[in-house]
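# Observations on chain architecture
Residues per chain are reported as follows:
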Amino acid sequence: MKTYTNKLKCVFPGVTMSKAKSSRDRRINPAGVTRVTRSSIITTQDSQRTKPADSGLVDDLSLMSVSEQQALLAREGKSYQSPSTKSVLSSASGSSVPREALGTIGRLMKLGRVRNIVVVAGAGISTASGIPDFRTPGTGLYANLAKYDIPYPEAIFNIDYFSDNPHPFFSLAKELYPGHHRPNYVHYFIRMLHQKGLLLRMYTQNIDGLEKLCGIPDDKLVEAHGSFATAACHLCYTPYPAEEAKQAIMNGNVPICTFCAGAVKPNVVFFGEDLPEKYFQHAEDFPKADLLMIMGTSLKIEPFASLINTVKSTVPRLLLNRDAVGPFERRPLRRGDYMELGDLSDSVRKLAEILGWHTEIQDLMNSHENGVCCSYTDPSSSSGENSDSSETDSMH
Ligand code: OAD
């Protein structure tokens, strides 16, 4: 199995990262804190074990989900073309057989076979809230950074580039600071997983704060790429009051560390920086998961992307995304892999309907939005608004 305690490189075509290393080495790493450096390595290989998944759970899934016609076609090695769905899952025979991914996962959940769901999410869950993702051609953030005059798009989140010139990030940060956007149906679906007692943990790459804002409690959430809720010096990591940092940035100033005079930045994890300690919880969580839901991510950034390969080989993985990504690009799919391609809100709504949760989610969304969206305060400057978020009810 892969380990994730190694330092990873930040690799961009045509860009030397030797500076990243030297600068990183300059920085003080507080004693006792293990850190994993985030990188932009593009994953093309799944580190799946080669051993085929063979246990009862996956077999049960096949029995539950494959219509007789599809099963027959699968046995004959032919692939079934559904006229109405873009669901795909790997077949027992190894060929790709489009099947009702959402129906299958929904049924599994309704049968009570799933109790520890890990959700892995990226920017695609927030596009319905009006926040662009990063890599969608044309609309993604990285396609729209010309005004910052940076050498390559990801430089805006590169710690060495920031060290030399923090202004592009600070200009962008004015737009990125949480407070302008509201959670959408997808966020509330994940909160509903929690309320039903099914969410083991959500691992998000997002820095928009919408998971917390919709009421997913802190102990259920790992913000793997950090957040704006706290701030610190980018050189010596001395904490800095988040609200003061925000005010300085909003006023066009660079907040300065009182200890070493380095530039202070919100604790969003940059390329070349280390992931937060909480991220290491994955070592316990992923082996415990009995369902992995992957939503709205291109799975291009390590070490996050490889997390999905650390669930047991028998655990079903559901990808909800506009396009196939990571290990879901290959054919045949891993046994037990499911995907529903298309708009995430539509897919999640369909799954909610299958589960009979749709009205409940809408009610939750309406009541929560009416209660909190207008009174939202930065989590860094308050004790939070999630007073009701630790409540769970049972699905069964
Ligand atoms: P990406 O922009 O790389 O990927 C978003 C994925 O979501 C793409 O596959 C889109 O097709 C898909 N998507 C977008 N909107 C969707 C919708 N409405 N329905 C279905 N799918 C949709 O974003 P991430 O994978 O999150 O780091 O990127 C990972 C990291 O790279 C980010 O955390 C970011 C960036 O560098 C930071 O800078 C903080």
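So, here is what we can say about the structure in this document. These numbers come from a predicted model, not from an experiment.

## With respect to the side chain of Arg-191
Among the structural elements, Arg-191 can be located in helix 7 (residues 185-195). There is a polar contact of 3.4 Å between the side chain of Arg-191 and the side chain of His-368.

## Side note on the packing of aromatic side chains
Per the counting criterion, the structure on display carries 14 aromatic pairs. Where Phe-134 meets Phe-157, the ring centres are 6.1 Å apart and the plane angle is 70°; that geometry is what we call edge-to-face. A residue pair is termed long-range when its members are at least 10 positions apart, and Phe-134 in the loop between strand 4 (117-121) and helix 5 (159-164) and Phe-157 in the loop between strand 4 and helix 5 qualify at 23 residues. Classification of Phe-134 by relative accessible area gives partly exposed; the value is 24%. According to the relative accessible area criterion, Phe-157 is buried, its value standing at 3%. Relative to Phe-169, the ring of Phe-162 has its centre 6.0 Å away and its plane inclined at 70°; by these criteria the two rings are edge-to-face. No difference in accessibility class separates Phe-162 from Phe-169, as the two residues are buried. A network of ring pairs unites the aromatic residues Phe-134, Tyr-142, Phe-157, Phe-162, Phe-169, Phe-170 and Phe-270 as a single cluster. Over the ring of Phe-270 we find Lys-265; its NZ or CZ atom is 4.5 Å from the centre of that ring.

## Some words on the pattern of salt bridges
The full count for this structure, using the stated rule, is eleven salt bridges. Residues Lys-147 and Glu-175 are paired through a salt bridge, measuring 3.5 Å at the closest nitrogen-oxygen approach. You can see Lys-147 sitting in the loop between strand 4 and helix 5 and its partner Glu-175 sitting in helix 6 (residues 167-176), a full 28 residues away along the chain. For Glu-175, a relative accessible area of 45% puts it in the partly exposed group. Across the salt bridge formed by Arg-349 and Glu-353, the nearest N and O atoms sit 3.0 Å from each other. With Arg-349 and Glu-353 both in helix 11 (residues 344-355) and four residues apart, this pair spans about one turn of that helix. Its relative accessible area of 41% is what places Glu-353 among the partly exposed residues. Through salt bridges with shared partners, a single network forms among Lys-212, Asp-218 and Glu-223.

## A few points about the packing of helix 7 against helix 11
The N-to-C vectors of helix 7 and helix 11 enclose an angle of 35°; their axes lie 9 Å apart at closest approach. Between helix 7 and helix 11 lies a crossing of left-handed hand. Across from Tyr-185, Val-186 and Phe-189 in helix 7, the residues of helix 11 making contact are Leu-344, Ser-345, Val-348, Arg-349, Leu-351, Ala-352 and Leu-355. The class makeup of the residues in the contact of helix 7 with helix 11 is eight nonpolar, one polar and one charged.

## Some thoughts on the nonpolar core
Counting residues in each nonpolar core, the largest one holds 38 residues, and the members touching the most others are Met-109, Phe-189, Ile-190, Met-293, Met-295 and Trp-357. Secondary structure elements with two or more residues in this core: helix 4 (101-110), strand 4, helix 7, strand 5 (199-204), strand 11 (291-295), strand 12 (317-321), helix 11 and helix 12 (358-372). Looking at this core element by element, the count peaks at seven residues for helix 7. Of all hydrophobic cores here, the second largest spans 26 residues; its members include Val-120, Ala-224, Ala-289 and Val-311.

## Some thoughts on the environment of Gln-362
With respect to the helices, strands and loops of the structure, Gln-362 is situated in helix 12. Residue classification places Gln-362 among the partly exposed residues on the basis of a relative accessible area of 35%. Between the C-alpha atoms of Gln-362 and Phe-189, which are 173 residues apart in sequence, the distance is 9.3 Å.

## Side note on the sheet that holds strand 7 (residues 226-233)
Strand order in the open sheet made by the three strands is 8-7-9, with antiparallel pairing throughout. If you trace the sheet from one side to the other, it starts and ends with strand 8 (239-240) and strand 9 (264-268), each paired once. Against the sheet, helix 6 contacts strand 7 and strand 9, and its axis sits at roughly 50° relative to strand 9.

## What about the pairing of strand 5?
Look at any regular strand and the pattern is simple: side chains alternate between the two faces of the sheet. With six of its six residues buried, strand 5 lies for the most part within the structure. By the bridge criterion, five bridges tie strand 4 to strand 5 in an arrangement that is parallel. Its bridge partner lying in strand 5, Ala-121 is registered against Thr-204. Where strand 5 meets strand 6 (residues 221-223), three bridges bridge the pair, whose relative direction is parallel. Residue pairing across strands places Tyr-203 opposite Val-222, the latter belonging to strand 6.

Reading the values: the criteria
- Residues numbered from 1 in each chain as written.
- Predicted model: local features only at pLDDT ≥ 70, side-chain atom pairs only at ≥ 80, totals over all residues.
- Heavy atoms only, no water.
- Helix = DSSP H or I, 4+ residues; strand = E, 2+ residues; numbered from the N terminus.
- Polar contact = N/O pair within 3.5 Å; in protein donor to acceptor, adjacent residues only side chain to side chain.
- Phe/Tyr/Trp six-rings, centres within 6.5 Å; stacked < 30°, edge-to-face > 60°.
- Buried < 20%, exposed > 50% of the residue type's maximum accessible area, 1.4 Å probe, protein only.
- Lys NZ or Arg CZ within 6 Å of the ring centre and 35° of its normal.
- Salt bridge = Lys/Arg side-chain N within 4 Å of Asp/Glu carboxyl O.
- Axes fitted to C-alpha atoms, helices over the stretch in contact; angles between N-to-C directions.
- Left-handed = near helix turned anticlockwise from the far one by under 90°.
- Contact = heavy atoms within 4.5 Å.
- Nonpolar A, V, L, I, M, F, W, Y, C, P; charged D, E, K, R; others polar.
- Core = buried A, V, L, I, M, F, W, Y, C linked by side-chain atoms within 4.5 Å.
- Pairing = 2+ DSSP bridges.

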